[in-house]
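What the coordinates show
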Amino acid sequence: MKLHFTLLLATAASIAPSFLRAQSAPPTTPDPAIKQMVEAISAKNLEDDIRKMVSFGTRHTLSDTKDKKRGIGAARNWVEQEFRKYAKASGNRLKVEQDTFTLNPDGRRIDKKTLMANVMATLPGTDPNDNRVFIVSGHLDSRVTDVMNRTSDAPGANDDASGVALVMEMARVMSQKQYPCTLIFVAVQGEEQGLLGSGYLAKKAKTQGWNLVGMLNNDIVGNSKGFDPEISDNKHIRVFSEGVPATETPEQAQLRRTLSSENDSPSRQLARYAKTACEQYVSDFGVMVEYRPDRFLRGGDHTPFNQQGFTAVRFTEPNENFNHQHQDLRTENNIVYGDNPEFVDYQYLRKNAGVNLATMASLALAPDAPQNVGVLTAKLTNRTELKWDAPKTGRKPAGYYVLMRETSSPVWQQKFFSSGTTADLPHSKDNYIFGVASVDEAGHESLPVIPKPVR
């Protein structure tokens, strides 16, 4: 994967670190296969899928599950049918199911015993030794002003049919290719009632010991015109990520304070990775890396995954229009309220889907990340000595990139290639932040790992 900063591959023996001599790095040009998939995303398909979801009237979590034309049950069945079409086109490699679970009344937003379902399409990996899992999600349910109103029309075009349509289009395109690890495309239920479907799935992943490397949550990703008329932005998507991991132990907290590494959590690395993928594969578009877990007073389906200790981020448009979120359908003072499909910018949504696809495909095609990454601190020196172990799962990397940035920089600025598992850099460990990523012969990179001090 090409990274958006200077590539340092010095060859002069007098200035090059020893591990750089006589080595050649993998190509940094875009992967034609990923570029082709990004270009295959269809704005028309996204619009058709959103309008179909809106046609079910309401997709409220507590709405009808038996009616064939209205309610959450009809919507779940339709998404499943679409996934099955993609499965057939993939040679039945894509595995489709409604993963059901039952919730009892909780005294809050569930007032009756409710059978729920996440609609999932799983593309198993081709490498039996690669147990990595990546998830991309959107939430299928919708709501109006009263979160318990299950009967009124709740179109939910942008919140969050846009996210589900993005997931569906990714499944359609990506299922035509093969990846060494497992990809899961999921439309979760119950987000508006308290992140219920994602909470169930995150607990399941934790209980069953999934090697879940990254989770991409897409919620409210289709509108480029903001609440304030003068504020519109069809060239950016926000990516929110937690800084301090929710599952941080006291020992990890001590290390974080020592290193001041609040901006280098695994989720922050995933957000940076998405920014780089966007710069490489989606033209005239950019990722805004937000150093917050989510917006003020709001939450999303990445949160339960963070709470279970997984790496997860949220994609959301930069300027939300609150007249079109959680609103009863009405017109007041010439203002149209309601989350209708005419307020979605489908070309903008297409680019957001491209960012997600480029991120997921680049990670899936890359080797697993290096293990036990450490920076040697036994000697007082103005150099940086690093060491690490090869990944435990999947294929062997072609080498590794050591990433470097100033402590005040939000993004990686330089990189060095090594074919081994050590590095000795002529840069002070006290002045920079370092990371190490695995890379294959085609240039696909893993998420970087921040080194821990070791003696």
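Preceding this section is the structure that the text describes.
Structure report, in brief.

Reading guide: rules and limits
- Residues numbered from 1 in each chain as written.
- Predicted model: local features only at pLDDT ≥ 70, side-chain atom pairs only at ≥ 80, totals over all residues.
- Heavy atoms only, no water.
- 1 Å grid on protein atoms, 1.4 Å probe; cavity = no way out; pocket = protein on both sides within 12 Å on 5 of 7 lines; lining within 4 Å.
- Points joined across faces, edges and corners; volume = space filled by probe spheres on them.
- Helix = DSSP H or I, 4+ residues; strand = E, 2+ residues; numbered from the N terminus.
- Nonpolar A, V, L, I, M, F, W, Y, C, P; charged D, E, K, R; others polar.
- Pairing = 2+ DSSP bridges.
- Axes fitted to C-alpha atoms, helices over the stretch in contact; angles between N-to-C directions.

1. So, the layout of surface pockets
Volume-wise, the largest pocket comes out at about 1300 Å³. At four residues, the largest contribution of residues to the lining of the largest pocket is made by helix H6 (residues 250-259). Taken together, the residues of the lining of the largest pocket break down into 17 nonpolar, 15 polar and eight charged. Taken as a whole, the second largest pocket holds about 470 Å³ of empty space. Counting residues per element, the ones that place at least two in the lining of the second largest pocket are H6 and strand E17 (432-439). Examining the composition of the lining of the second largest pocket, we find that three residues originate from one element, E17, more than from any other. A breakdown of the residues in the lining of the second largest pocket according to their chemical character gives 10 nonpolar, eight polar and five charged.

2. Considering unusual backbone geometry
In most cases, non-glycine residues show a negative phi, while peptide bonds are predominantly trans. For the bond from aspartate 159 to aspartate 160, the omega torsion is 5°, close enough to zero to count as cis. Its location among the elements puts aspartate 160 in helix H4 (residues 157-174).

3. Thoughts on the sheet that holds strand E12 (residues 371-376)
Spatially, E16-E13-E12-E18 is the arrangement adopted by the four strands of the open sheet, whose pairing is mixed. Two strands bound the open sheet, and with one partner strand each, they are strand E16 (422-425) and strand E18 (452-454). When strand polarity is set aside, the average angle formed by the axes of neighbouring strands in this sheet is 30°. As paired strands, E12 and E18 are joined by three bridges and run parallel to one another. Across the sheet, the residue bridging to glycine 374 is lysine 452, located in E18.

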